[in-house]
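Descriptive analysis of the structure
Residue strings, one per chain:
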There are 2 protein chains.
Amino acid sequence: MSASTFPDRLAAACARHGRLCVGIDPHGASLAGWGLDDDLAGLERFSRGLVAVLAGHVGVFKPQSAFFEAHGPDGLRVLQDTLADIADAGATSILDVKRGDIGSTMQAYARAYLAPGAPLAADAITASPYLGFASLAPAVEAAAEAGRGVFVLARTSNPEGAAVQLAIAPDRSGDAVAQQVVAAAAAANRDAGTPLVGLVVGATLPVLDIDLTGFDGWILAPGIGAQGGRPDALSRLFGEAAPRVLPSASREVTAAGPDPARLRERVARLSDACAQVAVSS
Amino acid sequence: MSASTFPDRLAAACARHGRLCVGIDPHGASLAGWGLDDDLAGLERFSRGLVAVLAGHVGVFKPQSAFFEAHGPDGLRVLQDTLADIADAGATSILDVKRGDIGSTMQAYARAYLAPGAPLAADAITASPYLGFASLAPAVEAAAEAGRGVFVLARTSNPEGAAVQLAIAPDRSGDAVAQQVVAAAAAANRDAGTPLVGLVVGATLPVLDIDLTGFDGWILAPGIGAQGGRPDALSRLFGEAAPRVLPSASREVTAAGPDPARLRERVARLSDACAQVAVSS
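Because the structure is a prediction, the values reported are computed rather than measured.

Let us look at the sheet that holds strand β4 (residues 124–127) of chain A. All names here are of chain A. Judged by pairing direction, the barrel is parallel, and its 8 strands sit side by side in the order β1-β2-β3-β4-β5-β6-β7-β8 before closing back on the first. Adjacent strand axes in the sheet meet at a mean angle of 30°, parallel and antiparallel pairs treated alike. As paired strands, strand β6 (residues 197–201) and strand β7 (residues 219–224) are joined by 2 bridges and run parallel to one another. In the strand pairing of β7, V200 is matched with L220. Against the sheet, helix α5 (residues 72–88) touches β1 (21–24), β2 (60–63) and β3 (92–99), its axis set at about 145° to β3. Packed on one face of the sheet, helix α6 (residues 103–113) meets β3 and β4 and runs near 155° to β3.

All names here are of chain A. Locating S47 in the fold gives a position in helix α3 (residues 40–54). S47 sits in the buried class, given a relative accessible area of 0%. Once you skip the residues sitting within four places of it in the chain, S47 turns out to touch I24, P26, F68 and T82.

With that settled, consider the packing of α3 of chain A against α5 of chain A. Residues and elements named next belong to chain A. Between α3 and α5, the least distance of the axes is 9 Å, while the angle of their chain directions is 10°. In terms of their interaxial angle, α3 and α5 are classed as roughly parallel. Here L40, L43, E44, S47, R48 and V51 of α3 come into contact with α5, specifically with D74, G75, V78, D81, T82, D85 and I86. Of the residues that constitute the contact of α3 with α5, the class distribution is 5 nonpolar, 3 polar and 5 charged.

With that out of the way, let us pick up the pattern of salt bridges. This model, assessed by the stated rule, comprises 26 salt bridges over all chains. Notably, a salt bridge pairs E69 of chain B with R99 of chain A, separated by 2.9 Å at the nearest N-O pair. Of this pair, E69 of chain B sits in helix α4 (residues 65–69) while R99 of chain A is found in strand β3, placing the two residues in two different chains. With a relative accessible area of 2%, E69 of chain B lands in the buried category. Assessed through its relative accessible area of 1%, R99 of chain A is described here as buried. Between D232 of chain B and R230 of chain B there is a salt bridge, with its nearest N and O atoms 2.7 Å apart. When its relative accessible area of 48% is taken as the criterion, D232 of chain B is described as partly exposed. What makes R230 of chain B exposed here is its relative accessible area of 52%.

All names here are of chain B. Ordered in space as β1-β2-β3-β4-β5-β6-β7-β8, the 8 strands form a closed barrel in which the pairing is parallel. Here the strands of the sheet are splayed against their neighbours by 30° on average, with no regard to which way each runs. The pairing of strand β1 (residues 21–24) with strand β2 (residues 60–63) spans 4 bridges and is parallel. Among the inter-strand pairings, G23 is bridged to a residue of β2, identified as K62.

Once that is clear, we can look at the relation of the copies chain A and chain B. For the pair of chain copies, the relating operation is a rotation around an axis with a shift along it. By a simple turn and slide, chain A fits onto chain B: the slide is 0.0 Å along the axis, the RMSD is 0.0 Å, and the turn is 180°. Here the two chains are linked by the operation of a two-fold rotation axis. Of the interface residues in chain A, 100% have counterparts in chain B that sit at the interface too, so the contact is made through matching surfaces.

This part covers the interface of chain A and chain B. Opposite the 58 residues of chain A that make contact, chain B presents 58 residues. If you sort the residues of chain A by the area they bury against chain B, P73, R111 and Y130 of chain A come out on top, with a joint share of 17%. Here chain A and chain B share 8 salt bridges between them. A salt bridge links R111 of chain B to D38 of chain A; its shortest N-O distance comes to 2.8 Å. Counting across the chain A and chain B interface gives 19 residue pairs in polar contact (both at pLDDT 80 or more). Of the residues forming the side of chain A that touches chain B, the biggest block, 8 residues, is contributed by α6 of chain A. Its residues assigned to classes, the side of chain A that touches chain B shows 30 nonpolar, 18 polar and 10 charged.

Definitions and cut-offs
Residues numbered from 1 in each chain as written. Chains lettered and ligands numbered in written order. Predicted model: local features only at pLDDT ≥ 70, side-chain atom pairs only at ≥ 80, totals over all residues. Heavy atoms only, no water. Pairing = 2+ DSSP bridges. Helix = DSSP H or I, 4+ residues; strand = E, 2+ residues; numbered from the N terminus. Axes fitted to C-alpha atoms, helices over the stretch in contact; angles between N-to-C directions. Contact = heavy atoms within 4.5 Å. Buried < 20%, exposed > 50% of the residue type's maximum accessible area, 1.4 Å probe, protein only. Parallel < 35°, antiparallel > 145°, perpendicular 65-115°, else oblique. Nonpolar A, V, L, I, M, F, W, Y, C, P; charged D, E, K, R; others polar. Salt bridge = Lys/Arg side-chain N within 4 Å of Asp/Glu carboxyl O. Least-squares fit on C-alpha atoms with pLDDT ≥ 70 in both. Buried area = accessible area lost by both parts, 1.4 Å probe. Polar contact = N/O pair within 3.5 Å; in protein donor to acceptor, adjacent residues only side chain to side chain.

Structure below.
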């Protein structure tokens, strides 16, 4: 793992398979759509089945931890197996856990998901900065050491998010909270000498109300497809940052299953659309 | 569980044992202090041993999920057992997970920790509002249904927290983000007809820079003892809200172990100090 860095592995996976990120959201309704019960066996068949069918067709998978935690300790074991399957498929995993804490507690999260030998190791995790971006430092440090990455929530598409993310920071900069997250992520990447800190920015924002100038990392953009986001809108939304956007689709992909041919066809179509996401002229 | 509500159970536990909340933070250094290895067996002996020794002496325990997640799926099983031990001891559990997400994902977290039949059921969990307080609604609804509670991060003591928590909300109210969390929690409790939404406010803030007037729920105040917080400072810090503060101590308690008599003596001393936390004259 430490033989390569997360930005290198991600770039290689995207070069091979495109930038489409397939979200693994084993929600009860999605399991039912595959004829599966909303139990541990259904969780496993859906999650590991999805990776098996799409291995070699997708560069990035994003399992959502909440749906595994909902099944208790055994659900975490399925998550562990799913993460191993993704690695075996030569793809990159971004584990969506949105953890955020301070000091030794944040270190413990890093030990769980990022550090060398982590029991639930992913190539990268998502993190939440309500306790301040700087409180996430133990995760960034563990990621640097292990050649992994951290995607920090910056600006999400849900309407309730603006109340926090667009609040004006108390430091006289006049910048919004989300803008300060962008700046802190850019600074962390400069310090690390490699863009191991990415951002989460919603794909369905009507306009991009933060400035990504100077940020050289990856941007995870959830919400493609069933949640309303369209790949062809991403070039306009993200401007010059568009080539570093990872458009993420979950139900839009899995709704085509469980038939393997239809799943791969859906992924190919979305991947083609995402390949067009570039700097708009 | 639904036979009673979380606020009722918490009030009864505090009436019996006082308001001291004992944090269960199975950090490697704490395990070493008890002569335990930082492995699964050490995790279990520390966490369940602490509850066994303090059963009947403490009304509220706060296990920190990160230290259990660090041991993978088996660590979650120890957490599950520890939560069951707390319930068996007649005490109240506040599981510190700081989860925060939207829609069906937040529902999945509620299913994991709060809903009837949750595999990792706690009396209450902590939640993080970076995606907006309103995004936590599925957790609040599940808690209401199951007679459980949610403590939402408002204002934390770590210096990095101010950048987000004291940012000024974009709605022309002029209120800080943390102040809006207080208002939203108060409104949620009015809607629910019972104070099932609590707040997390750091015990080591030099001054309380949010106004708790009108908030009638419980206030979890971590940081007593080893982190620098003193029970006798809480009356001054929290003013009229002081009688609803749950002072939380972790290392300050566990550093007295593993000797049972010394652990109980430490808890008795801290409980006495916390019993003095009332409205300052």
